[in-house]
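As a plain string of letters, each chain reads:
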Amino acid sequence: DPSDYSTYVSDPLVVNGRVYVAVGRQLRVFDAATGARVGVAALAAPIDSVARMVYADGIVVVPLSGGRLQAITADALATVWLTAELAAIDDTGKQQALSSLTVGEGCVFFGTASAAWSGESYNGYLACVSLADGSVLWQERNEEAGYYWSGAALVDDWLVVGDDAGVLSVRSSASGEVEDGLDLGAPIRSTAVAGTREGTVLVATSDGVLHKVLVGARTGALSEERR
């Protein structure tokens, strides 16, 4: 319905011959071969304008408005855990779960942003949630910029992620503690991707530049090798 501008549709997720699509407050499941709907599950909140679900360990993790995550079994479509809504950092609005989700080390890493219709980002959260039970293992507030369409890469024991202020940070994946940061000069609205060479990360900035960054294995120090 073209008049319904507030019901968003997620990126599709294909798992074991099924297609999972979040629509508004529902997770809908279709047979990949025929397109027939085979199931539906209720979501605790609607999805935001961008929703990139992930599959791991038999569950589909859906990012929801308010900075929540809901884990639903891929087969029975039963909710196994649900995180709490993130508190607003200031008066710029509720958190939006717009970033890509990254799975690794038994966790799902995700970022959020408080953003205007114009696309400006004000602040956000970066968090690590246990895949087993949904407990928040660590969470940090970024009061300067949010994580808008961005996503993290795991490099050794480091988590590398960019924010809307253009800062690429490297953190301990276990604690979230920041080890180093590198200003790339423009907002980072892409998922960081581990390079084919060990210790390298590729990330794009909003000015159309692709950056190749080195991540120190022991120190986590960041340095730009090429752009």
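Residues numbered from 1 in each chain as written. Predicted model: local features only at pLDDT ≥ 70, side-chain atom pairs only at ≥ 80, totals over all residues. Heavy atoms only, no water.

1. Concerning a nonpolar patch on the surface
A cluster of nonpolar side chains, namely Val193, Leu202 and Leu210, defines an oily patch on the protein surface of about 250 Å² accessible area. Mapped onto the fold, leucine 202 is located in strand 19 (residues 200-204). Overall, leucine 202 belongs to the partly exposed group, its relative accessible area being 33%. (Patch = residues over 30% accessible without salt bridge, like charges linked within 9 Å, V, L, I, M, F, W, Y side chains within 5 Å. Areas by Shrake-Rupley, 256 points an atom, 1.4 Å probe, with all protein chains shown as cover. Salt bridge = Lys/Arg side-chain N within 4 Å of Asp/Glu carboxyl O. Helix = DSSP H or I, 4+ residues; strand = E, 2+ residues; numbered from the N terminus. Buried < 20%, exposed > 50% of the residue type's maximum accessible area, 1.4 Å probe, protein only.)

2. Points about the sheet that holds strand 18 (residues 193-194)
The antiparallel open sheet is built from four strands, whose spatial order is 18-19-20-21. Every interior strand has two partners, whereas the edge strands, strand 18 and strand 21 (222-226), have only one. (Pairing = 2+ DSSP bridges.)

3. Looking at unusual backbone geometry
Even without glycine at this site, leucine 77 takes up a positive phi of about 60°. With respect to the element layout, leucine 77 can be found in the loop between strand 7 (68-73) and strand 8 (79-82). If you check the backbone angles, glutamate 105 has positive phi at about 60° while not being a glycine. Mapped onto the secondary structure, glutamate 105 falls in the loop between strand 9 (102-104) and strand 10 (107-111).

4. Thoughts on the nonpolar core
Core analysis: the biggest nonpolar cluster contains 18 residues, and Tyr20, Leu27, Leu43, Met53, Val60 and Val62 have the highest contact counts within it. For this core, the secondary structure elements donating two or more residues are strand 1 (13-15), strand 2 (18-23), strand 3 (26-31) and strand 6 (59-64). Sorting elements by how many residues they give to this core places strand 6 first, with three residues. Excluding its chain neighbours within four sequence positions, the residues that come into contact with valine 60 are Leu13, Tyr20, Leu27, Met53, Val54, Tyr55, Gln70, Ala71, Ile72 and Ala74. (Core = buried A, V, L, I, M, F, W, Y, C linked by side-chain atoms within 4.5 Å. Contact = heavy atoms within 4.5 Å.)

5. Brief notes about the sheet that holds strand 7
If you trace the four strands from one edge of the open sheet to the other, you get 5-6-7-8, paired in antiparallel fashion. The sheet is open, and its two borders are formed by strand 5 (54-56) and strand 8, each paired with just one other strand. Recorded for the sheet is a direction-independent mean angle of 25° between the axes of neighbouring strands. Pairing between strand 6 and strand 7: six bridges, direction antiparallel. In the strand pairing of strand 7, isoleucine 59 is matched with threonine 73. (Axes fitted to C-alpha atoms, helices over the stretch in contact; angles between N-to-C directions.)

6. A look at the pairing of strand 7
The element strand 7 is extensively covered by neighbouring structure, given that six of its six residues are classed as buried. Along strand 7, one buried face is formed by Arg68, Gln70 and Ile72 and the opposite face, lined by Leu69, Ala71 and Thr73, is buried too. What sits between strand 6 and strand 7 in their antiparallel hairpin is a turn of three residues, with glycine 66 showing a positive phi close to 90°. The pairing of strand 7 with strand 8 spans three bridges and is antiparallel. The residue bridging glutamine 70 from the neighbouring strand is leucine 82, located in strand 8. Adjacent in sequence and paired antiparallel, strand 7 and strand 8 are bridged by five residues, among which leucine 77 carries a positive phi angle near 60°.

That's the geometry; what it means functionally is another story.
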